[in-house]
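Residues per chain are reported as follows:
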Amino acid sequence: MSQSNGKPFSISKHVVLEAWKRVKANRGSAGVDAQTIELFESKLKDNLYCVWNRMSSGSYMPPPVRTVIIPKSDGGERKLGIPTVSDRVAQMVVKMHLEPEIEPLFDDDSYGYRPSKSAHDAVAKARERCWRYDWVLDLDIKGFFDNIPHELLMKAVRKHTKQTWAVLYIERWLKAPAENQCGELQRRDRGTPQGGVISPLLANLFLHYALDQWMKRQWRENPFERYADDIIVHCRGREEAGRLHKAVYERLSECGLELNNEKTRIVYCKDANRTENHDQVKFVFLGFEFRPRRARNRRGVYFTSFLPAISEKAACRIRAEMRRWHLQRRSDKSLEDLSRMFAVRLRGWIEYYGRFYRSRLYRVFQPLNHALVRWACRKYKRLRGHRTRAARWLRRVMRRDPKLWPHWAIGVR
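About the cut-offs
- Residues numbered from 1 in each chain as written.
- Predicted model: local features only at pLDDT ≥ 70, side-chain atom pairs only at ≥ 80, totals over all residues.
- Heavy atoms only, no water.
- Bend = angle between axes of the 7 residues up to and from the residue.
- Helix = DSSP H or I, 4+ residues; strand = E, 2+ residues; numbered from the N terminus.
- Buried < 20%, exposed > 50% of the residue type's maximum accessible area, 1.4 Å probe, protein only.
- Contact = heavy atoms within 4.5 Å.
- Salt bridge = Lys/Arg side-chain N within 4 Å of Asp/Glu carboxyl O.
- Pairing = 2+ DSSP bridges.

Here we take up helix H12 (residues 335–353). At Phe342, H12 shows its strongest bend, of approximately 50°. Taken together, the buried positions of H12 are occupied by Leu335, Leu338, Ser339, Phe342, Ala343, Leu346, Trp349, Ile350 and Tyr353. Those residues of H12 that are buried lie in contact with strand E10 (288–296), strand E11 (302–310), helix H11 (312–324), helix H13 (361–379), helix H14 (387–400) and helix H15 (406–409).

Shown next, in the form of structure tokens:
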């Protein structure tokens, strides 16, 4: 597997192979060609050669992206663009080339889709700054991924790579049509599909210039946390937050984006030491709701602090998913079987939402115990019609094997 010979562009076969390994690890569903990861792998050598050959010769043309509509918790919809597996490999090749060039340039306060940063890092920094700054400007960009101007984005791409093939293919991906659920092709002259491999990197690059660098120049006294298009900015006063709101609106308009004024809010970080009155004293950032909460200091004294915990919307989504498991109907399974079926999902929720104010999870997972009680009533004849007795039986199991279910291990009884 040597470097390409006799091709317009020098792209290593080793890079294509590594790109495939990363795409496979990320999994994902099929694109418009209905080809899954498994089908692609069944003819791996031929498929990877095809990607390499076309990219090296300059003839690679991205297929349409498959549009998937995801309902949002606020009643709206989010459009995802799912590329084919081969297209994800091709995008990964470009990402592997471009990311090392631009990643070091990104701001420390940008956290989304970056190798060395996480959502928890952003939430922790936001919590720390909410203790120091009294006010927050919670920003919402209307349809960010769907409305990024191609011309400005490509200007930023050309600034950071001299590889003609990378520029060529990024431009083609931006213009690739979207296939809706009826099979109709829709042209795109703006945006980058949310769901593509290269899209998060391009989105970060665009906002690096459209917002991050502008904030550092014009509003350097106002720190922010940005995770893709989820952004909060810290302010010292309400009036300052109002001025910043207006300035950000104008800045984004200059860059072809629109601030959603209905969802953008000025929030007062109220705690025991902050006595001003304001109608907004909470905001949601990355699934965590920041608001006044009871806390205890090192001396054991309780007070009111401004802290993050799992948001009510996230809690409702978790409870709804657990209801769809219909545990009480699975009387053919043992308690150990059920744990194996759902433990991975439970652990993921606990690891993410349990990082801050973990006790808030108790109310989230208590309905799961109630479902297990109903399951026990169906499973065992001696417990049928005796829910109180079944609850006592479950508590004995918890004491005997507290790690059997992940939520038991954190004290949910």
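Our next topic: the pattern of salt bridges. If you walk through the whole model with that rule in mind, you get 24 salt bridges. Across the salt bridge formed by Arg114 and Glu103, the nearest N and O atoms sit 2.8 Å from each other. Highlighted residues: Arg114 in the loop between helix H4 (85–102) and helix H5 (119–132) and Glu103 in the loop between H4 and H5, separated in sequence by 11 residues. Note on accessibility: Arg114 and Glu103 belong to one class, buried. One continuous salt-bridge network, built from bridges that share partners, spans Asp107, Asp109, Arg129, Lys216 and Glu225.

Our next topic: the sheet that holds strand E1 (residues 65–71). Ordered in space as E2-E1-E4-E5, the 4 strands form an open sheet in which the pairing is mixed. Edge strands, defined here as strands with exactly one partner in the open sheet, are strand E2 (77–82) and strand E5 (185–186). Summarising the sheet, E1 and strand E4 (residues 178–179) pair through 2 bridges and their orientation is parallel. Paired with Arg66 across the bridge in E4 is Glu179.

Pairing of E10 with E11 involves 9 bridges; the strand directions are antiparallel. Across the sheet, residue Arg293 finds its bridge partner in E11, namely Ser305. With antiparallel pairing between neighbouring strands as the criterion, E10 and E11 make up a hairpin whose turn holds 5 residues, including Gly300 at a positive phi of roughly 85°.

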